[in-house]
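# Coordinate inspection notes
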Amino acid sequence: MAPVKRHGSCPVTQRPQPARPESRPELCPFLAGLFRPRSAKAGLSAAPGGNSREPGSTAGERVPLLADNSKGDVELVALESMGPEEPVEEPPSAAGPLGTAGLLEIGAKRPTPVPGRKVLHGSLQDLSKAAATQMPSPERRLFRRPLGKGAKDTDKWKKESKYVQTQPLYQDYWLKRLKAAERKPKEPSFRVDASLSIAGLLSSSLLGAASQISSRDYSFCFWQEIPEVKSRRLLESLSPQQHRLQEAMFEMITSEASYLRSLSVATSHFKGSLVLRETLTRAEVHRLFSNLQQVKDVSERFLLELEEHMDKDVFLAGLGAVVLKHCPAFHRVYIPYVTNQMYQEQLMQQLMRENWRFRQVLRKLEEQPVCQRQPLKSFLVLPFQRITRLKILLENILKLAPAGSELASSIGTALTAVGEIVSACNENVRHMKQTEELVLLEKQVEFVKTKSIPLISRGRWLVRAGEFSQVLIQEVGVGYRPRLSTKPIHLHLLSDLLLLSRRRDDSRFSVKDYAQTCHVRAELLRAKPLGLPDTAFLLCLSRNHRGASAEFIIKAASEAQRQEWISLITSQASPRPAAVIKALREACAGP
C-alpha cells in the first residue's frame, strides 16, 4: 500500500511541536557551517514529516541558516562527507532557550559518529586548530611540494629543510654573513674567510645581480651555535684552524639553503605566475626560465642530504662524498642552464624593450615582499653564480683540511669533479657565444661579386675583426714617385678563413675576396724606402676564392694593431695541435 501524502493543513499533522531553543544571531555564522535545513522554503519552514519544497530547489541545496529557525529541523553535516547523507536527530530541550555558554557546552561534546560520515570538529577550538594546521602560510608554500601518487595522507608533504626559511635570499647572503660575523663577539678562533666572501661579492657585481639589502634581520646559524655543539662543548676541544674548518664546511649548508630560498622564489613567484606567462609565448617561457625547476629540485635534494648527514655527524666528515654523489646531477642541470644564459639575456632585453604588458606585470611581481626588492634578472643568474661559488667553497675547505687526511682526499676529489663542471659550463658558454657571433656575421655579409660560402661550420669561430685602410699605388710616369691613395677595408679573421670586405652605408659588409688561412701570409714592409705609411704590412693570398694569388697593402691604425694582426694571421695559418687550438679559442673569446 502506497504511503499517503499529507499536507500541512491536515488535522493529523497539526500536533504540538516540542520547544526549540531560541536562535542567537551572533552564532549564525558558526552554525551555518555545521548545519543546513532540510527544506529551502523560506529558510527553514518545513514541518516534521512534511515534504513540501520550494519550486526550483533541490534536495542537496545548501541554504544559509537564518535567525528564525524555530520551525525547521536541522541535521549535522560533516565538512568531509564519506557516504550518503543521514540526518542526526537533535533531542528536544526541555530547559527552554539556551544562552551562548550553553550552546558552546553542547558543541564541546563530540557527537556520535554516524556510519559513512566523518565528523571533523566538535568545538570551536578544534575548528580553529584544524584550520591553522591545514592552511600553511604563503611563504611556507614556496618550500613545500606534494609527493607523487600513492603517498599516504600523513606524508602529503615531503621533508622540508630546516635552514631555508632562516637564511636570506642568495643575492644578499655574503653581505649578511659578513655583517653577522661582525656582530659576533671577537674570538681568536673564528673569522670569515675574506677571499671567499669578497669572491662572492665580486661574482654578484660582475654578473649584474643588483643586490639591495633589506632591513629584515636574519639569524645566521654558525656551526658553533648548533645546540649539539654547545651542549657537548665541542668548541673547547678544537684548535682555531679546526674551528675555521668546521665553519667553512657548515657554510656549505647555509649557503645552499639561501640559494634554494632564492630558487623557490624564482620558480614559484615568477615562473609560476599565470599572469606573467600569459604575456609570453610558450617558446619565450622556455627560453626565459630554461630548466630552472630542475635546478631547484637538484638543489633541494642536495641540501636535504647535507642536513641528513649533519644530523648523523655534526663534524661533517663525509661532506666530500655527499658533494661527489650529487655531481652527476649538477652536470645534468647546470650545463644546459648556463649554456642558455646568453639567449636568456637577449630575450630579457627584447621583452623589456618591446613587450609593455610583460614590463607592467614584471614590475608588480618584483614589488612583492617575497622578492625583497630583487629584480628577476638577479634570480636568473643564480645557477651560474652557485656552481662557481661551490668550487670556491671546496677550495677553501681543502686549504683548512689536514694534509693527507681522508677529509682532504674526499674534498679534493669533489673539487676536481665540480671544477670539471665549471670548465664545461665555461666552454659551452664560449662555444655558444662564438656560434652566435658567426650567426650575426652571416646576416651582415653579402657575397656580391664572389662565390657565396656558408660561414657557420662546425669547429669554426671568429678570431678577430678590425677596420683597416687599403693602400693603392698609382703609377704616374717614369721619374715620378707613385701616387698613394687609401680606401677602407674590413678584415674578418676566422679560425680557418679570412674575409676582406667593405662596409656599406647600411652597416652591412660586401665581401671582395676571401681565402683559407692556410693560403694567407702577412709580412712586414720596409715602409720608408717605398714611401708607405709606417704601420703598413703586406697581406698575401696565395690562393683566393678564384684560385689565383692576390696581394694587398694594409695600413693599420697603430703599430700595436699591425703587430697583433701579423701574429694572429701567422698563428692561424700554421697547423696546430688540439691543445693549441683550444688555447687560441679561449684567448679569442676573451673574458
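On a predicted model such as this, the values are computed, not experimentally measured, just so you know.

Further remarks concern the overall build of the protein. Along its length, the protein carries 20 helices and 12 strands. Here the contacts in the protein between residues at least 6 apart in sequence split such that 68% fall between residues at least 24 apart. Surface summary for the protein: the accessible area is close to 33000 Å², and the carbon and sulfur share equals 55%.

As a further point, take the nonpolar core. One finds Trp223, Met252, Phe270, Leu288, Phe289, Leu319 and Val323 to be the most contacted residues of the largest nonpolar core, which totals 79 residues. Among the elements that make up this core, the one with the highest residue count is helix H8 (residues 240–271) (13 residues). Phe270 has contacts with Val265, Leu276, Phe289, Leu362, Leu365, Glu366, Cys371, Leu376 and Phe379, leaving out every residue within four places of it along the chain. Judged by nonpolar contacts, the second largest core, of 22 residues, contains Phe468, Leu498, Phe552 and Ile554.

Moving on: the packing of helix H12 (residues 319–339) against helix H13 (residues 341–354). Two elements in contact, H12 and H13, have axes separated by 4 Å at closest approach and are oriented at 45°. When the interaxial angle is binned, H12 and H13 end up oblique. Facing Tyr337, Val338 and Thr339 of H12, the residues of H13 in contact are Gln341, Met342, Tyr343 and Gln344. In terms of residue class, the contact of H12 with H13 is built from 4 nonpolar, 3 polar and no charged.

Two numbers describe a pair of aromatic rings. These are the distance of the centres and the angle of the planes. Considering all chains together, one arrives at 10 aromatic pairs under this definition. Measuring from ring centre to ring centre gives 5.9 Å for Phe447 and Tyr514, while their planes differ by 90°; the resulting arrangement is edge-to-face. Here the residue Phe447 occupies a position in the loop between strand E5 (445–446) and strand E6 (462–474), and Tyr514 occupies one in strand E9 (residues 509–516), the gap between them amounting to 67 residues. Of the two residues examined, Phe447 and Tyr514, each falls in the buried class. Members of the aromatic cluster, each reached through a chain of ring pairs, are Tyr170, Tyr173 and Tyr259.

At a minimum axis distance of 9 Å, the contact between H12 and helix H17 (residues 406–444) shows a crossing angle of 5°. Of the possible angle classes, the one that applies to H12 and H17 is roughly parallel. Residues Leu319, Gly320, Ala321, Val323, Leu324, Cys327, Phe330, His331, Tyr334, Ile335, Val338 and Thr339 of H12 form the contact with H17, whose participating residues are Ser410, Ile411, Thr413, Ala414, Ala417, Val418, Ile421, Ala424, Cys425, Asn428, Val429 and Met432. Split by residue class, the contact of H12 with H17 holds 18 nonpolar, 6 polar and no charged.

Helical periodicity: at 3.6 residues per turn, an α-helix aligns residues three or four positions apart in one direction. Here H8 is 32 residues long and its end C-alpha atoms lie 45 Å apart, about the 46 Å a rise of 1.5 Å per residue gives. A maximum bend of about 25° is found in H8 at Glu251. Among the 32 residues in H8, 26 count as buried, and that is most of the element.

This part takes up the sheet that holds strand E8 (residues 497–503). A sheet is described by the order of its strands in space; here 8 strands give the open sequence E5-E9-E8-E7-E6-E12-E11-E10, paired in mixed fashion. Two strands bound the open sheet, and with one partner strand each, they are E5 and strand E10 (520–524). As paired elements, E10 and strand E11 (residues 536–541) share 5 bridges and run antiparallel to each other. Note that in E11 the partner of Glu523 across the bridge is Leu538. Packing against the sheet, helix H19 (residues 559–573) makes contact with E6, strand E7 (483–494), E10 and E11, and its axis sits at approximately 115° to E6.

Further remarks concern the pattern of salt bridges. This model, assessed by the stated rule, comprises 15 salt bridges. The partner of Glu354 in a salt bridge is Arg353, with the nearest N and O atoms 3.9 Å apart. Glu354 gets classed as exposed once you look at its relative accessible area, which sits at 53%. Beyond isolated ion pairs, a larger network of salt bridges with shared partners links Glu446, Arg504, Asp506 and Arg508.

Moving on, we get to the environment of Ser507. In this fold, Ser507 is placed in the loop between E8 and E9. Along the chain, Ser507 and Gln444 lie 63 residues apart, while their C-alpha atoms are 7.7 Å from each other.

A few words now on the pairing of E6. By the bridge criterion, 12 bridges tie E6 to E7 in an arrangement that is antiparallel. Each bridged residue has a counterpart across the sheet, and for Gln470 the counterpart in E7 is Lys487. Bridge analysis of E6 against strand E12 (residues 550–555) gives 3 bridges, and the strand direction is antiparallel. Along E12, the bridge assignment pairs Val471 with Ile553.

Looking now at unusual backbone geometry. Positive phi values are uncommon outside glycine, yet Leu316 reaches one of about 55°. Among the secondary structure elements, Leu316 is positioned in the loop between helix H11 (292–312) and H12. Phi angles above zero are rare outside glycine, and Arg373 is one such case at about 65°. Secondary-structure assignment places Arg373 in the loop between helix H14 (356–366) and helix H15 (376–380). Residue Arg373 is classed as exposed on the basis of its relative accessible area of 58%.

A word on H19. Here H19 contains 15 residues, and its C-alpha end-to-end distance of 21 Å stays within 8% of the 21 Å for a straight helix at 1.5 Å per residue. For H19, every residue scored as buried is listed here: Gln561, Arg562, Trp565, Ile566, Leu568, Ile569 and Gln572. Within H19, the buried residues cover an arc of 165° as seen down the axis, which keeps them to one side.

Turning next to the pairing of E9. In summary, the side chains of a regular strand alternate between the two faces of the sheet. Judged by how many residues are buried, E9 sits mostly within the fold: 6 of 8 residues are covered. One ladder, built from 2 bridges, connects E5 with E9; its direction is parallel. Residue pairing in the sheet places Glu446 in a bridge with Ser510 of E9. Here E8 pairs with E9 via 7 bridges, running antiparallel. The residue of E9 that forms the bridge with Leu497 is Gln516. Counting the residues between successive antiparallel strands, the hairpin from E8 to E9 contains 5 residues, one of them, Ser507, with a positive phi of roughly 70°.

For the rest of this paragraph, the subject is the confidence of the model for the protein. Averaged over every residue, the pLDDT of the protein is 74; the share at 70 or more is 62%. Every residue in residues 36–141 is under pLDDT 50, and counting partners more than four places away or in other chains gives 118 contacts. Low pLDDT, under 50, characterises residues 186–219; the predicted model gives this stretch 71 contacts beyond four residues in sequence or across chains.

Quick notes on the rules
Residues numbered from 1 in each chain as written. Predicted model: local features only at pLDDT ≥ 70, side-chain atom pairs only at ≥ 80, totals over all residues. Heavy atoms only, no water. Helix = DSSP H or I, 4+ residues; strand = E, 2+ residues; numbered from the N terminus. Contact = heavy atoms within 4.5 Å. Areas by Shrake-Rupley, 256 points an atom, 1.4 Å probe, with all protein chains shown as cover. Core = buried A, V, L, I, M, F, W, Y, C linked by side-chain atoms within 4.5 Å. Buried < 20%, exposed > 50% of the residue type's maximum accessible area, 1.4 Å probe, protein only. Axes fitted to C-alpha atoms, helices over the stretch in contact; angles between N-to-C directions. Parallel < 35°, antiparallel > 145°, perpendicular 65-115°, else oblique. Nonpolar A, V, L, I, M, F, W, Y, C, P; charged D, E, K, R; others polar. Phe/Tyr/Trp six-rings, centres within 6.5 Å; stacked < 30°, edge-to-face > 60°. Expected span 1.5 Å × (residues − 1). Bend = angle between axes of the 7 residues up to and from the residue. Pairing = 2+ DSSP bridges. Salt bridge = Lys/Arg side-chain N within 4 Å of Asp/Glu carboxyl O. Arc of directions from axis to C-beta. pLDDT = per-residue confidence, 0-100.

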